[in-house]
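Residues per chain are reported as follows:
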Amino acid sequence: FQESIDRTIALLKRVQQQQTLDALTKKLEALAESQEKITEDIQKDITPDALARRQEQIADDTEKLQDELKTSAEDFSTPTDQQLEQLAQAMQQKELTKRMDQTQQNLESNQQSSAQKKSENIAKDLQQMAQQMNQIRQEFSNQQKADIAEELSRALHDLLTLSKSQERTTQRAETTQSREQTAPLALDQARTITGANRMIQRLQEASNKTFFLPPQAGAALGESLKKMEDAAGHLNSGNSQRAAQDARHAMQSLNSAAMMVQRALGQIASSESGTGFEEMMQKMSELSQQQGEVNSQTEGLFGKPQPGQGQPGLEQLAA
């Protein structure tokens, strides 16, 4: 239970980082759009005071976003933290809030031409920064995907290596009769057990980084480890046939874990981010909708006799 909680916390921290970058990108884009709208509205029949109040609000939001960029940088490692800090410094160097204040003053004094030119330049700077922020977000997401994909690729390779080793142990156990022949096999099985123990830890660490790798992968590996230990015990006691059975079951569980890792790799390749959070939420939404449909049909059967053949009934809903 504790491991499950730790996994959830680790995953949600990674999701939080991605959502932080998404939110910062959207805020910068919204500021750029709002500034563009002011530039357009200066030529329209809108009172200068109303435009000045909107400009004041944009300036306040820009200053808050600048502080938010600095604060958010503390939650990231290199190079993302440096990129966020550099973007915050760029906002400060371009004196965006000061220029917005000047635009506000021009609007209040009805200097439309000067206000429009300033507003247009500010909007261009905000657009450029929004593009930079989007690039930071995309690079972070791509790096997350690349890291977890590389980790899972290595795990898949090692799982298949363990499976081949286990297959050789199975085949040799099936053709072995005497205890003198099973003793060396027990040593081989012990080495495979050591590798499987290390692999369990690696899969646990990988599952803390993506929802695509299900807990069942670790469970399958754990089942494989148990069967390996049983096989090693039978080999030490000279019972080669029982050892062969357990060794084969261990190989099957290893292959099952490998298939889950391979499936996770395919899902990561086609996903927006390496965490798989958006895909998981979409799947949960679909399940919720399906359950709602079953509930609705079930309620329609209350107090009614069971329908005849060919009509939907409780058995179909149960299925």
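Please read these numbers as outputs of a predicted model, since none were measured by experiment.

## Overview of the overall build of the protein chain
Line of reasoning, step 1. Secondary structure assignment for the protein chain yields ten helices and zero strands.
Line of reasoning, step 2. Each helix and strand of the protein chain, placed in order from N terminus to C terminus, yields the pattern α-α-α-α-α-α-α-α-α-α.
Line of reasoning, step 3. Taken against the 2.2 N^0.38 rule, which gives 20 Å for 319 residues, the C-alpha radius of gyration of the protein chain at 31 Å runs more than 25% over that of a compact globule.
Line of reasoning, step 4. Counting only C-alpha atoms and orienting by the principal axes, one finds that the protein chain spans roughly 100 × 65 × 30 Å.
Line of reasoning, step 5. Residues classed as buried in the protein chain amount to 39% of the 319 residues present.

## Remarks on the nonpolar core
Line of reasoning, step 1. Within the largest apolar cluster, 30 residues are counted, with the highest numbers of intra-cluster contacts made by Leu28, Leu69, Leu84, Leu87, Leu126 and Met133.
Line of reasoning, step 2. Of all the secondary-structure elements, those providing two or more residues to this core are helix H1 (2-41), helix H2 (48-73), helix H3 (80-93), helix H4 (96-108) and helix H5 (112-174).
Line of reasoning, step 3. Ranked by residues supplied to this core, first place goes to H5 with eight residues.
Line of reasoning, step 4. Look past the residues within four positions of Leu126 in its chain and what remains in contact with it is Leu28, Leu31, Ala32, Gln35, Leu96 and Met100.
Line of reasoning, step 5. By size, the runner-up hydrophobic cluster in this structure holds 28 residues, among which are Met199, Ala217, Ala250 and Val261.

## Details of the pattern of salt bridges
Line of reasoning, step 1. Overall, the coordinates contain 15 salt bridges when judged by the stated rule.
Line of reasoning, step 2. Here Lys94 ties to Asp125 by a salt bridge, and the two come within 4.0 Å at their closest N and O atoms. Of the two residues, Lys94 sits in the loop between H3 and H4 while Asp125 sits in helix H5, which places them 31 residues apart along the sequence.
Line of reasoning, step 3. On the accessibility criterion, Lys94 (32% relative accessible area) is partly exposed.

## Section: the environment of Asn197
Line of reasoning, step 1. You can see Asn197 is positioned in helix H6 (residues 179-207).
Line of reasoning, step 2. Take Asn197: its relative accessible area is 40%, and that puts it in the partly exposed class.
Line of reasoning, step 3. For the pair Asn197 and Leu221, spaced 24 residues apart in the sequence, the C-alpha separation amounts to 8.8 Å.

## A short note on H3
Line of reasoning, step 1. Here H3 contains 14 residues, and its C-alpha end-to-end distance of 20 Å stays within 8% of the 20 Å for a straight helix at 1.5 Å per residue.
Line of reasoning, step 2. For H3, every residue scored as buried is listed here: Thr80, Asp81, Leu84, Leu87, Ala88 and Met91. For H3, the angular spread of the buried residues around the axis is 130 degrees, confining them to a single face. Exposed side of H3, more than 90 degrees from the buried face: Gln86 and Gln93 are the residues found there.

## Observations regarding the packing of aromatic side chains
In this description, an aromatic ring pair is defined by two values, namely the gap between the centres and the angle between the planes.
Line of reasoning, step 1. All told, the structure shown has two aromatic pairs when counted by the stated rule.
Line of reasoning, step 2. Each ring, one from Phe76 and one from Phe140, has its centre 5.4 Å from the other, and the planes form 85 degrees; the classification is edge-to-face. Remark: Phe140 occurs in helix H5 and Phe76 occurs in the loop between H2 and H3; sequence separation between them is 64 residues. You'll find Phe76 and Phe140 in the same group, each marked buried.

## A few points about a nonpolar patch on the surface
Line of reasoning, step 1. The grouping of Phe1, Ile5 and Ile9 at the surface amounts to a nonpolar patch, some 350 Å² of accessible area in total.
Line of reasoning, step 2. Given the relative accessible area of 43%, Ile9 is considered partly exposed.

## Re the layout of surface pockets
Line of reasoning, step 1. The space that makes up the largest pocket amounts to roughly 260 Å³.
Line of reasoning, step 2. Lining the largest pocket are 13 residues, and of these Ser77, Thr78, Thr80, Phe140 and Gln143 lie nearest its centre.
Line of reasoning, step 3. Looking at the lining of the largest pocket, the element that brings in the most residues is H5, giving five residues.
Line of reasoning, step 4. Space inside the second largest pocket adds up to approximately 230 Å³.
Line of reasoning, step 5. In this structure, the second largest pocket is lined by 14 residues; those nearest its centre are Arg7, Gln204, Ser207, Pro215 and Gly218.
Line of reasoning, step 6. Elements with a contribution of two residues or more to the lining of the second largest pocket: H1, H6 and helix H7 (215-236).
Line of reasoning, step 7. For the lining of the second largest pocket, the residue count by class is seven nonpolar, five polar and two charged.

## Regarding the packing of H2 against H3
Line of reasoning, step 1. Where H2 meets H3, the closest approach of the two axes is 8 Å, and the angle between their N-to-C directions is 155 degrees. Our classification of the angle between H2 and H3 gives roughly antiparallel. Two packed elements cross with a definite hand, and for H2 against H3 that hand is left-handed. Between H2, through Thr62, Gln66, Leu69, Lys70, Ser72 and Ala73, and H3, the contact on the second element is made entirely by Asp81, Leu84, Glu85, Leu87, Ala88, Met91 and Gln92.
Line of reasoning, step 2. A breakdown of the residues in the contact of H2 with H3 according to their chemical character gives six nonpolar, four polar and three charged.

About the thresholds
Residues numbered from 1 in each chain as written. Predicted model: local features only at pLDDT ≥ 70, side-chain atom pairs only at ≥ 80, totals over all residues. Heavy atoms only, no water. Helix = DSSP H or I, 4+ residues; strand = E, 2+ residues; numbered from the N terminus. Rg over C-alpha atoms; globule rule 2.2 N^0.38 Å. Buried < 20%, exposed > 50% of the residue type's maximum accessible area, 1.4 Å probe, protein only. Core = buried A, V, L, I, M, F, W, Y, C linked by side-chain atoms within 4.5 Å. Contact = heavy atoms within 4.5 Å. Salt bridge = Lys/Arg side-chain N within 4 Å of Asp/Glu carboxyl O. Expected span 1.5 Å × (residues − 1). Arc of directions from axis to C-beta. Phe/Tyr/Trp six-rings, centres within 6.5 Å; stacked < 30°, edge-to-face > 60°. Patch = residues over 30% accessible without salt bridge, like charges linked within 9 Å, V, L, I, M, F, W, Y side chains within 5 Å. Areas by Shrake-Rupley, 256 points an atom, 1.4 Å probe, with all protein chains shown as cover. 1 Å grid on protein atoms, 1.4 Å probe; cavity = no way out; pocket = protein on both sides within 12 Å on 5 of 7 lines; lining within 4 Å. Points joined across faces, edges and corners; volume = space filled by probe spheres on them. Nonpolar A, V, L, I, M, F, W, Y, C, P; charged D, E, K, R; others polar. Axes fitted to C-alpha atoms, helices over the stretch in contact; angles between N-to-C directions. Parallel < 35°, antiparallel > 145°, perpendicular 65-115°, else oblique. Left-handed = near helix turned anticlockwise from the far one by under 90°.

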